[in-house]
Amino acid sequence: MWIQKYKPRRLDEIAGNPKLIQDLKGYHWKKPLLIYGPPGVGKSALVKAIVKEFDFDLVEITNENLNNGRATAQTASIFGKRKLILIDNVDQIKDIKEVTALLKETKNPTVLVTSDFGSRRLGTIKRICEKAQMRRLTSRGIEKLLRNICDKEGISFEEGVLEKIAENAKGDIRSAINDLETITKGKKNVSIEDMEILERRDRSIDIYNALNLILIKKDFKGAVRSIYDLSEQPRDILMWIDENMPRVYKNGDIERAYEYIAKADIFLGRIINRQYWGFLRYVSPLMSGGVNISKSKEVNFTMYKFPSYIIKMSQTKKERGIKKSIGQKLSPLLHVSRKIISKEYIPLFRTLLKNEKISKEDLTEKYRLDENEIEYLSS
């Protein structure tokens with residue numbers, strides 16, 4: 001996807017907001033930073049650029065690991081870098097008081113991100129933080145950005161095409177790039193007539209609305225268009241469809257729909273293996289339109305379910321983080337990959353600890369494992 005291919009890597013590559021970028025370059029991180037602005041203006045891209053610019057070690061705090069967040073915010077990185085504590089969508093964090101306590105105690109640079117600056121839940125947080133507003137890019141600024149992408153992709157365009165895309169985006173950079181990629185699929189020359197495939201659509205569409213269009217309504221074009229403006233990655237969208245389609249469709253329809261889902265999954269694998277995002281032109285219609293035309297007239301109306309795989313990954317995030325940390329420490333000392341450390345050495349050390357063939361002190365002294373890592377090996 002072009003939105004990934006052309007995402008900014010450094011602060012100088014961020015489109016628009018020149019004063020904000022200049023201020024951030026000289027920011028001394030004495031106070032936490034609250035970045036706010038509407039969806040699609042590049043807040044996440046800005047955070048990643050900050051990490052690269054200042055050579056930070058990024059640590060994200062979520063609802064799942066907030067209980068340990070205060071301790072994490074007060075300790076140094078195990079890699080010798082300064083940590084950057086990130087709390088994305090801070091207005092949606094359940095225990096906002098715990099976030100406030102973290103901000104008062106943190107000893108590391110800290111960034112909070114929100115699209116709802118007016119939320120009453122952020123009252124205290126706004127008083128503690130330095131505020132950085134990201135404004136929507138002007139139509140002219142978006143047009144310039146699209147022009148640069150076309151130059152790099154070797155695409156020529158008729159006068160007025162990029163201007164129309166930029167105006168239709170209404171300051172949403174992500175949406176503009178997605179629209180440009182949509183109308184240039186398989187083409188090197190783009191005309192005004194090609195704009196017909198883009199309709200003015202509700203940019204607040206969410207995954208649930210998209211599922212309605214894909215699984216309930218009988219509308220191939222509507223199903224395909226429904227996923228254009230979703231912020232989720234193609235793999236995540238496919239998981240949502242895979243999780244809910246069998247609960248909505250009936251026997252014969254399920255079989256036909258899985259043929260399209262399987263084909264979409266094959267092309268996603270090719271994207272990852274070959275790093276060729278052109279295959280996305282097949283993924284999107286297969287997993288949306290293909291599934292849509294697979295159903296008969298009758299469907300089961302039901303509540304949509306969050307993908308179980310994503311839930312499981314969220315639940316095991318802390319464990320995977322500890323495994324990764326142990327692997328990074330042991331790999332250079334034992335001269336094996338982190339995968340081998342996870343698969344073979346972690347079970348080995350657990351057995352040795354259980355049978356008292358090695359002590360916790362030995363692991364701490366020889367491999368510099370911290371308290372959480374030792375506790376994980378002992379459990």
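Residues numbered from 1 in each chain as written. Predicted model: local features only at pLDDT ≥ 70, side-chain atom pairs only at ≥ 80, totals over all residues. Heavy atoms only, no water.

S.K.: What's the story with the pairing of strand 1 (residues 33-36) in this structure? I'm lost.
M.R.: Consecutive side chains of a regular strand alternate in pointing toward one face of the sheet and then the other. Where burial is concerned, the two faces of strand 1 agree: the one with Leu 33 and Ile 35 and the one with Leu 34 and Tyr 36 are both buried. Pairing of strand 1 with strand 4 (residues 110-114) involves four bridges; the strand directions are parallel. The partner of Leu 34 across the bridge, within strand 4, is Leu 112. Across four bridges, the pairing between strand 1 and strand 5 (residues 130-133) is parallel. Bridge pairing in strand 5 places Leu 34 opposite Lys 131. (Buried < 20%, exposed > 50% of the residue type's maximum accessible area, 1.4 Å probe, protein only. Helix = DSSP H or I, 4+ residues; strand = E, 2+ residues; numbered from the N terminus. Pairing = 2+ DSSP bridges.)

S.K.: It is not clear to me how helix 8 (residues 161-169) should be interpreted in this structure. Could you clarify?
M.R.: An α-helical turn contains 3.6 residues, so any two residues separated by three or four positions project in the same direction. For helix 8, every residue scored as buried is listed here: Val 161, Leu 162, Ile 165, Ala 166, Asn 168 and Ala 169. Angular distribution of buried residues about the axis of helix 8 spans 165 degrees; they occupy a single face of the element. Phi turns positive one or two residues past the end of helix 8, at Lys 170, with a value near 55 degrees. (Arc of directions from axis to C-beta.)

S.K.: Explanation requested: the confidence of the model for the chain in the structure shown.
M.R.: Summary statistics for the chain give a mean pLDDT of 85 and a share of 95% for residues scoring 70 or more. When mean pLDDT is compared element by element in the chain, strand 1 scores highest at 95, while helix 15 (residues 308-315) scores lowest at 70. Below pLDDT 50 for its whole length, residues 200-205 participates in 15 contacts with residues either more than four positions away or in separate chains. (pLDDT = per-residue confidence, 0-100. Contact = heavy atoms within 4.5 Å.)

S.K.: Sorry if this is basic, but what is going on with empty space enclosed by the protein here?
M.R.: Over the atoms a probe the size of a water molecule is rolled, and this reveals where empty space is left. Counted by the stated rule, this structure contains one cavity of 30 Å³ or more. Estimated volume of the largest cavity: approximately 30 Å³. For the lining of the largest cavity, the elements supplying multiple residues, two or more each, are helix 7 (139-153) and helix 8. It is helix 8 that contributes the most residues to the lining of the largest cavity, three residues altogether. Class assignment for the residues of the lining of the largest cavity results in three nonpolar, one polar and five charged. (1 Å grid on protein atoms, 1.4 Å probe; cavity = no way out; pocket = protein on both sides within 12 Å on 5 of 7 lines; lining within 4 Å. Points joined across faces, edges and corners; volume = space filled by probe spheres on them. Nonpolar A, V, L, I, M, F, W, Y, C, P; charged D, E, K, R; others polar.)

S.K.: Help me understand unusual backbone geometry, please; the structure alone is not making it clear to me.
M.R.: Excluding glycine, residues mostly have negative phi values, and the peptide bonds linking residues are mostly trans. Of note in this structure, Glu 356 is not a glycine but carries a positive phi near 60 degrees. Positionally, Glu 356 belongs in the loop between helix 17 (338-354) and helix 18 (360-367). Even without being glycine, Arg 368 reaches a positive phi, approximately 60 degrees. Examined against the element boundaries, Arg 368 turns out to sit in the loop between helix 18 and helix 19 (371-378). For Arg 368, a relative accessible area of 68% puts it in the exposed group.

S.K.: Quick question: what am I supposed to make of the sheet that holds strand 3 (residues 83-87) here?
M.R.: Strand order in the open sheet formed by five strands is 2-3-4-1-5, with parallel pairing between adjacent strands. Sheet topology places strand 2 (57-60) and strand 5 at the edges, where each strand pairs with a single neighbour. In this sheet, neighbouring strand axes are inclined to one another by 25 degrees on average, regardless of whether the strands run parallel or antiparallel. Set on the sheet, helix 5 (residues 96-105) makes contact with strand 3 and strand 4; between it and strand 4 the angle comes to about 145 degrees. (Axes fitted to C-alpha atoms, helices over the stretch in contact; angles between N-to-C directions.)

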